[in-house]
Structures are given as structure tokens and as C-alpha cells.
Amino acid sequence: MPQDSTSPAGGSERPRWVGFAQLALILLAIVVALYFARAPSRVDRGTIAGPAQAKPVVSVVRPAATEHRLSLSLTGAVTLERKTRVVAEVVGRVVWVSPKFSNGGSIPANEVFVRIDPTEYALEVEAAKMAVAEAEATLRIEKPGAPPGALAQARLGKARAALALAELRLARTEISLPYASRVVSSDLEIGDLVGPADDVGRDARLGVVYRPGALQVRVPIAQGDLAALDPAVGRLARVKAGMGTYRARVVRVSAVVAPRTRLAKLYLKFADDAPAGSLPVPGMFARVRVTGPERGNVYVLPDSAARESDRLWVVRDGALASLAPRTVLRSPAGWIVEAFDAGDGVVVGTLPAAAEGLKVDIAQAPSKQ
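This is a predicted model, so every value here is computed, not measured.

A count of helices and strands for the chain gives five helices and 21 strands. Here the chain holds 369 residues, and 32% of them are scored as buried. Taking the intrachain contacts of the chain between residues at least 6 apart in sequence as the baseline, contacts between residues at least 24 apart amount to 77%. Accessible surface, the chain as shown: approximately 23,800 Å² in total, 54% of it carbon and sulfur.

Here's what the structure looks like:
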């Protein structure tokens, strides 16, 4: 009787070692793949020699020692050294006010610009004159031919003093000033009651005036600039205010400095021969140029030579050297410094990555700046 077989028809059973071989090959392939994945991405070929680093090229100036007249350009304001408050010395009603006694008006010296009703004071003068005449008559008839008595003489002197005082009060009903003045303010009207403050209270002021000689120019100035002008008092200046230009002179320097800015102040007076009517008015902005002393053996450097903290670079033996010259003044002409050893020249313009001792090449070296 035939037996059934479980093997497929015509097949043959593969050896078991074949499967193990295939598994080993797969594992080997994975290991190789991991090895190459962790290998370096580039090959170090070593240092390649290149050309030497090029030295930076700098522009320099070669300053020449010279004499320089210092000149400071400053700004300030026209102010008043003092103002005059006009008050009446006698009590009375105003009967006349000059048209010149108004804001912006100009009043000549000794010209009357306010009149107070003089009637009462004129009567006092007449009464004082009669008292004098009476005292003189009494003195004559007291003892004819005898020396004048002391009492009669005293009465006459008292009467004469009362007359002089009455005449003085009468004269004070006309108000004027002994100098030419310009009016700052006036609110006076005809009919106003005026007089000393003890008699009329707070309304005693008739107006405010100033004399042209009280005009001044107040100019803030830095301590360094002030030292450059030393001595500052007496220095000549030109002042431009409004549409005019005026000659002036420094007359004093403030005794203190401003707490915030640490600036001192110069005070300038206009020249005495300047017409009063042409002078600027208080409050005007002023541009001032003060002429300082002449300094010798200085360099005038362009502003582009300055570095941080007022230092500069010079080129010496082909390398940079840092230097801090002594500053005399900064002005529109440039940076004024005391002369120093400039080596091969002073570097101007920008210089990135500058360092002490850096080797450089010079682009150009003018013999004079």
C-alpha cells in the first residue's frame, strides 16, 4: 500500500546553513554602513601657505608749527545790567504824560515826560515866600540899629528852609531823568493818583526804563574756552544781533558757574560810540566772536584727526603710535593744539582696527595742512 509524502512534489530540502549565512551577510552590511556614516566628512589636508597679510594704508597730514590768533564763536543774549523803576516823589494827580513814555519809546536826558498837578505845591511856595518876608521884616524892626537877635535870626533861617523845601516839592511835580533812557513798560494815564509807596501803596510805580549803557550781552562759555582767553576781561568782540553788527568788549566774568552745565558767563558791553537808537533790545539772540590772544608754536589740525578722549594717531617708523596733545582751542579753523613730535604724519580719517604698533603704509603725506 503506497504512503503519502509531506514534501512538495519535485522539491529538495535546502541546507539550514544557507539561512544563517544570509543573516550574517545582512549584519555585516549594517556594520559597514554604520562605519562609513561615522567617518569624517572632510579630509584635513594640512595648512596651505598663502601670501603675507597686507598692511593697511592710512592718510596723514604733516602739520607745520605756526602762530594762530584765537577766536571764539559763541552765542548769548542781550540783557540788562539794571533797570530803573520810575516813581513819583510827591503825591498828586497826573495831568500830562509824554507820548514817548510808552513801551519802546526813547526819552532824551533831562526831558520832562510826566507832570503832576502843581497847584497845591505852587501855593506852598507862595506861603513859604511870605513867611520869609515876614521873618525878614521882624528882624529889621525888632531893635533898629542893634545887632539882630538870635531868635529872630533863627526864625528867618527856618522860613528860608521851608521855602527851599516847598520849591523842591514843586519841582518834583515834573518827572525827568538825568540820562537818556528807553521805556520797557508804562501803564500811566492822565488822572492817576501817584506818589511814594507809603502814600499810594503798590501802585506807586509809573513805569520801567533803562539807559542804553545798561545793555549787556550775556554769553555762556566753557571752562576750557575761558582758560584759552585768559585774561578774558578786556577782550574785543563783535556782536551780531538782529540785523546789526556791533563792537563790544568783555567787561567781567561770572564768579560762579551754572550748576547743570558747568558753564561760566562772559558779560560784554557795547562800544561807547554806538548810537543809542541803533542798539539791540533786551531779549535778542546774539552771535558773538571774541578775539583771544595770539599763540605761537601750535598746530592747526583737521577735526578728522581727533580720536576718542582727544587723542590721535601718528605714524612713527611705519607703525601707529597713540598720542594725547595738549588742546589749546577748538575753533572753526580746526583743532588747535600745542606743537608735538608728529613723526611721519598725523593720521586723518577713519581707521578700523587701529592698535598701538600696527604696521601701516602711508598713502600721502602733505608737507603742510
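A word on the pattern of salt bridges. Tallied over the full model, the rule gives twelve salt bridges. With its nearest N and O atoms 2.6 Å apart, the salt bridge here joins Glu81 to Lys269. Taken together, the residues Glu81 in the loop between strand E2 (66–80) and strand E3 (84–87) and Lys269 in strand E14 (residues 264–270) connect sequence positions 188 residues apart. Using a relative accessible area of 31% as the deciding quantity, one classes Glu81 as partly exposed. Among the salt bridges present, the one from Arg330 reaches Asp310, with a minimum N-O distance of 2.6 Å. Remark: Asp310 occurs in the loop between strand E15 (285–301) and strand E16 (312–316) and Arg330 occurs in strand E18 (residues 327–331); sequence separation between them is 20 residues. Residue Arg330 is classed as partly exposed on the basis of its relative accessible area of 38%. The class for Asp310 is partly exposed, based on a relative accessible area of 33%. In the salt-bridge network here, residues are joined through shared partners; they are Glu81, Arg82 and Lys269.

If you look at the biggest cluster of nonpolar residues, it comprises 33 residues, and the most contacted ones within it are Val217, Ile221, Val239, Leu266, Leu268, Val288 and Val290. Elements with a minimum of two residues in this core: E2, strand E11 (215–221), helix H5 (223–229), strand E12 (236–241), strand E13 (244–253), E14, E15 and E18. Among the elements that take part in this core, E2 stands out by supplying five residues, more than any other. What Leu268 contacts, discounting residues up to four positions off in sequence, is Leu215, Gln216, Val217, Val219, Ala237, Val239, Ala248, Arg249, Val250, Val251 and Val288. Membership of the second largest hydrophobic core comes to 18 residues, among which are Ala88, Val97, Ile107 and Leu188.

With respect to topology, four strands assemble into an open sheet ordered E7-E6-E4-E9, the strand pairing being antiparallel. Only two strands of the sheet have a single partner each, and these edge strands are strand E7 (174–175) and strand E9 (193–194).

The residue Gln216 is located in strand E11 in this model. Classification of Gln216 as buried rests on a relative accessible area of 4%. A polar atom in the side chain of Gln216 sits 3.0 Å from the side chain of Arg252. Excluding its chain neighbours within four sequence positions, the residues that come into contact with Gln216 are Ala77, Val78, Thr79, Leu80, Glu81, Arg252, Tyr267 and Leu268.

In terms of burial, E11 is largely enclosed, as five of its seven residues are buried. Bridge count between E11 and E14: five bridges; the pairing is antiparallel. In the strand pairing of E14, Pro220 is matched with Lys265.

Rules used throughout
- The numbers attached to residues start from 1 for each chain and follow its sequence in the written order.
- Restriction of local features to residues with pLDDT of at least 70 applies here, the model being predicted, together with a cutoff of 80 or more for giving and counting side-chain atom pairs; totals for whole chains, interfaces and linings are based on all residues.
- Here the side-chain values reflect all heavy atoms present in the structure, with hydrogen atoms and water set aside.
- Helix numbers and strand numbers start at the N terminus; a helix is a DSSP run of H or I with at least 4 residues, a strand a run of E with at least 2.
- Only protein chains enter the accessibility calculation, which uses a 1.4 Å probe; a residue is then buried when its area is under 20% of its type maximum, exposed when over 50%, and partly exposed in between.
- Between two residues, a contact is recorded if the distance between any of their heavy atoms is within 4.5 Å.
- Each accessible area is a Shrake-Rupley estimate made with a 1.4 Å probe; only the visible protein chains count as cover when residues are assessed.
- Each reported salt bridge corresponds to a side-chain nitrogen of Lys or Arg within 4 Å of a carboxyl oxygen of Asp or Glu.
- Grouping buried Ala, Val, Leu, Ile, Met, Phe, Trp, Tyr and Cys residues that are joined through side-chain atoms within 4.5 Å yields what is termed a nonpolar core.
- Pairing between two strands is assigned when DSSP locates at least 2 bridges connecting them.
- Throughout this description, a polar contact denotes any pair of N or O atoms lying within 3.5 Å of each other; where both atoms belong to protein, one of them has to be capable of donating a hydrogen while the other can accept it, and for residues adjacent in sequence the pair is counted only when both atoms sit in side chains.

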